[in-house]
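# Summary of structural features
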Amino acid sequence: MRITDRRRLWALALGVVAFCGGLWVAHSWYSAQTPAQPAFMLPPLELRAPTPDFSLTDGNGHVQTLSNFRGRVVVMFFGFTRCPDVCPTELFKLSQVMQSLGEDAEHVQVLFITLDPERDTPELLSNYTAAFNPSFLGLTGTRQQIDALAKDYFVVHARVPVGDSYVIDHSTFTYILDRQGRLRLLARMDTPGPTLVHDLRLLVHDATRDSNS
Amino acid sequence: MLRALPSLFLCLVVGSGFAAPSATPAANVSIELPWARATPPGVQVGAAYAVIANQGPATDRLLKVTTPASARVEIHSTTQVAGRMQMRPVTELDVPAGARITFGPGGMHLMLVDLKAPLRAGTQLELTFVFEKAGAIAVQATVAPIGSSLPAEEDASHHAHH
């Protein structure tokens, strides 16, 4: 092998080692910066920033912002009242989860956010959520507010004409925010109730997250 | 005469006080475990479910479903595609020979549109399934609590029968 080839080989090897070393240092530093997650059953998100605030209207016509719920674990589900199958199934499951949580349920707020503000009036929403659990809040707003919020949470939704009416396709994730308003867990619709109970309890009691953000 | 049989059977069923599948001896299709979910006040739509069993040798077709409880009933299929729920009406449903089609939460459902009154848990709901060959089959569906995943009557002693 010629001398220049060997030098190049060494340079390359050194580069690889330096790169790996750099990765290791960065990883160690990053791990030191970010404390470990509690032992969630759902896959935890690594987001650290609080989710954007929103300003919506509840069943009594009062304005509710996400920051109003700071200090509570927030569980958000997007749907609409003319959805007879999927939405009641999920809200019923959440009501059972609240029952299982017992005292911890006081620190959990379930929000049902309509993707159909044209048809879902505040009164209808409050009747709807009350049928599942009196603590659940139904929220609505203007079309712009709802669209903006759906975008913040990556909620896919689309109005699909059916006959002379319409239905709404929508993603069916349940969004779980910690007591500091940060999005921590995403639960698919088929997540069993006990899994939600387990993880919500962890968030209610999670003392590793201090409120300095 | 044959047309009166469903009504007669229905009287017996209602009289014995449980939701039972109803099928005339002449029909090849039976409706099993019909049930519905209670609805909150003010909500205009509700959901009902059942199992449609075709014991006959030929495919039959469900043309429509009616109920006195709402202006109309639509047959919907729910599919989940990458976490997004899509609900689509099905205008006619083929039931192949020997097939059992189960309507259930998260899958096919009957959407009761423009309810005349909220559906209340513990009450009975009359549903009439109209088939191309088997004709009209009327059943009494028990209304389960809102959001339930199981028929209210389902327990160890309940068994599907034809």
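Residues numbered from 1 in each chain as written. Chains lettered and ligands numbered in written order. Predicted model: local features only at pLDDT ≥ 70, side-chain atom pairs only at ≥ 80, totals over all residues. Heavy atoms only, no water.

## Comments concerning the overall build of chain B
Test applied: Strands are runs of DSSP state E lasting at least two residues, helices are runs of H or I lasting at least four, and both sets are numbered from the N terminus onward. Type-normalised accessible area, obtained with a 1.4 Å probe on protein chains alone, sets the label of each residue: buried when under 20%, exposed when over 50%, and partly exposed for intermediate values. Any two residues whose heavy atoms approach within 4.5 Å at even a single point are treated as in contact.
Secondary structure summary: chain B contains one helix and 10 strands in total. For chain B, the α and β elements follow one another from N to C terminus as α-β-β-β-β-β-β-β-β-β-β. Counting only residues that meet the buried cut, chain B has 51% of its 162 residues in that class. Pairs at least 24 residues apart make up 68% of the contacts formed inside chain B by residues separated by at least 6 positions.

## Considerations on the sheet that holds strand β3 (residues 73-79) of chain A
All names here are of chain A. Applicable threshold: The rule for pairing is simple: two strands pair if DSSP sees at least two bridges between them. In this description, a line fitted to the C-alpha atoms serves as the axis of each element, helices being fitted only across the stretch in contact, and the angle between N-to-C directions of two axes falls anywhere from 0 to 180 degrees.
Judged by pairing direction, the sheet is mixed, and its five strands sit side by side in the order β5-β4-β3-β8-β9 without closing on themselves. For this open sheet the edge positions go to β5 (137-139) and β9 (183-187), each flanked by a neighbour on one side alone. Pairwise comparison of adjacent strand axes, ignoring direction, gives a mean angle of 25° for this sheet.

## Some thoughts on the interface of chain A and chain B
For clarity, the cut-off: Joining two parts hides part of their accessible area as seen by a 1.4 Å probe, and the buried area is that hidden amount summed over both. A pairing counts as a salt bridge when a side-chain nitrogen of Lys or Arg comes within 4 Å of a carboxyl oxygen of Asp or Glu. Any pair of nitrogen or oxygen atoms within 3.5 Å is treated as a polar contact; in protein, a donor-acceptor pairing is required on top of that, and neighbouring residues in sequence qualify only through side-chain atoms on both sides. Throughout this entry, Asp, Glu, Lys and Arg are counted as charged residues, while Ala, Val, Leu, Ile, Met, Phe, Trp, Tyr, Cys and Pro are counted as nonpolar. The remaining residues, Gly among them, count as polar.
Taken together, the 25 residues of chain A in the interface contact 30 residues of chain B. For the pair chain A and chain B, the summed buried area comes to about 2200 Å², and 63% of that belongs to carbon and sulfur atoms. Of all residues in chain A, the largest losses of buried area upon contact with chain B belong to R82, P84 and D85 of chain A, amounting jointly to 28% of the total for that side. Where chain A meets chain B, there are one salt bridge. The partner of D169 of chain A in a salt bridge is R88 of chain B, with the nearest N and O atoms 2.9 Å apart. The tally of links between chain A and chain B comes to six residue pairs in polar contact (both at pLDDT 80 or more). Elements supplying a minimum of two residues to the side of chain A that touches chain B: α2 (86-101), α3 (122-130), β6 (157-162) and β7 (165-171) of chain A. If you tally residues by element for the side of chain A that touches chain B, the top one is β7 of chain A, at five residues. Class assignment for the residues of the side of chain A that touches chain B results in 16 nonpolar, six polar and three charged. As defined by bridge partners, β7 of chain A adjoins strand β5 (residues 84-90) of chain B across two bridges and the pair is classed as antiparallel.

## Section: the domain arrangement of chain A
Under the convention used in this document: Where each domain begins and ends is defined by an automated method or by a domain database.
Domains assigned within chain A are domain 1 (1-33) and domain 2 (55-205). Measuring from the centre of the C-alpha atoms in domain 1 of chain A to the corresponding centre in domain 2 of chain A gives 49 Å.

## Considerations on the nonpolar core
As a reminder of what qualifies: Residues enter a nonpolar core if they are buried and are Ala, Val, Leu, Ile, Met, Phe, Trp, Tyr or Cys, with the set joined through side-chain atoms within 4.5 Å.
One finds M76 of chain A together with I52, L110, L125, F129 and F131 of chain B to be the most contacted residues of the largest nonpolar core, which totals 99 residues. Looking at this core, the element that brings in the most residues is α2 of chain A, giving seven residues. Not counting the four nearest positions on each side in its chain, L110 of chain B is found in contact with G46, A47, A48, V65, V73, E74, I75, F103, L127 and F129 of chain B.

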